[in-house]
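Now for the letters of each chain:
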Amino acid sequence: MRAPLQIAVLGPGCRNCRALEKATRRALDELGLDAEITHVTDYAAIAAHGVLATPGLEVDGRVVLSGRVPSVAEVKELLGAVVAG
C-alpha cells in the first residue's frame, strides 16, 4: 500500500490558498487517495520552495502548480501524474 501523499499548500493563507486546499481535498476524496496536508505561510520558506507566485501546491516534495487556483479536475490530473510516477 502506498504511503500517504505529502502535500503542502504554499501561500500566506489568503482566499486563493483556502480555495486551493479545498480543491485539493476534494480531488483526493474523489481519487480515494490518502494525504497529509500542511501549510507553508512564511514568505521566505515559500520562496525557498521555488514558488514566487502564490498559491502553490507541492506534492511529495515537487512543486506541481503555482500562481493560480486550479479546478478540481486539474488537481486530479496533477495528483494522478504524481501517483503514476
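Everything below is about the structure shown above.
These numbers were taken from a predicted model, which means no experiment stands behind them. Positions within a chain are numbered from 1, following the residues in the order the chain's sequence is written. With the structure being a predicted model, the display of local features is reserved for residues of pLDDT at least 70 and the display and counting of side-chain atom pairs for 80 or more, all residues being used for whole-chain, interface and lining totals. Excluded from the side-chain calculation are hydrogens and water; included are all heavy atoms of the structure.

### Details of the pairing of strand 4 (residues 62–66)
Both faces of the sheet carry side chains from a regular strand, because those side chains alternate between them. How we decide: Strands pair, by our definition, only if DSSP identifies at least two bridges between them. Segments assigned H or I by DSSP are reported as helices when at least four residues long, segments assigned E as strands when at least two residues long, and all are numbered from the N terminus.
Where strand 3 (residues 56–59) lies against strand 4, four bridges are found, and the strand directions are antiparallel. The residue bridging Val59 from the neighbouring strand is Arg62, located in strand 4.

### Overview of helix 3 (residues 72–84)
The cut-off we apply is this: Under the convention used throughout, the expected extent of a helix is 1.5 Å for every residue step, that is, one less than its residue count. Only protein chains enter the area calculation, which uses a 1.4 Å probe; residues under 20% of their type maximum are buried, those over 50% are exposed, and those in between are partly exposed. Note that the arc is computed from the directions linking the helix axis to the C-beta atoms. The criterion used for residue contact is that any of the two residues' heavy atoms lie within 4.5 Å.
With 13 residues, helix 3 extends 18 Å from end C-alpha to end C-alpha; this agrees with the ideal 18 Å at 1.5 Å per step. Looking only at helix 3, the buried set comprises Val72, Val75, Leu79 and Val82. Projected down its long axis, helix 3 shows its buried positions confined to an angular sector of 85°, all on one face. Seen from the open side of helix 3, the exposed residues pointing more than 90 degrees away from its buried face are Glu77 and Ala84. The inward-facing, buried residues of helix 3 abut strand 1 (5–10), helix 1 (15–31), strand 3 and strand 4. Gly85 sits one or two positions beyond helix 3 and adopts a positive phi of about 95°.

### Some details on the sheet that holds strand 1
Where we set the bar: Throughout, an axis means a line fitted to C-alpha atoms (over the contacting stretch in the case of helices), and angles, computed between N-to-C directions, take values from 0 to 180 degrees.
Strand order across the open sheet formed by four strands is 2-1-3-4, with mixed pairing between neighbours. Single-partner strands in this sheet number two, and they are strand 2 (35–40) and strand 4. The sheet shows a mean angle of 20° between the axes of neighbouring strands, taken without regard to direction. Lying over the sheet, helix 3 contacts strand 1, strand 3 and strand 4, oriented at roughly 165° with respect to strand 4.

### Regarding the packing of helix 1 against helix 3
Describing two packed helices takes the angle between their axes plus the distance from one axis to the other. How we decide: A crossing counts as left-handed when the near helix is turned anticlockwise from the far one by less than a right angle, and as right-handed when that turn is clockwise. Polar here means any residue other than Ala, Val, Leu, Ile, Met, Phe, Trp, Tyr, Cys and Pro, which are nonpolar, and Asp, Glu, Lys and Arg, which are charged; Gly is therefore polar.
At a minimum axis separation of 8 Å, helix 1 and helix 3 run at an interaxial angle of 60°. The two elements helix 1 and helix 3 meet at a crossing, and its hand is right-handed. Between helix 1 and helix 3, the residues in contact are Ala23, Thr24, Arg26, Ala27, Leu28, Glu30 and Leu31 and Val72, Val75, Lys76 and Leu79, respectively. By residue class, the composition of the contact of helix 1 with helix 3 is seven nonpolar, one polar and three charged.

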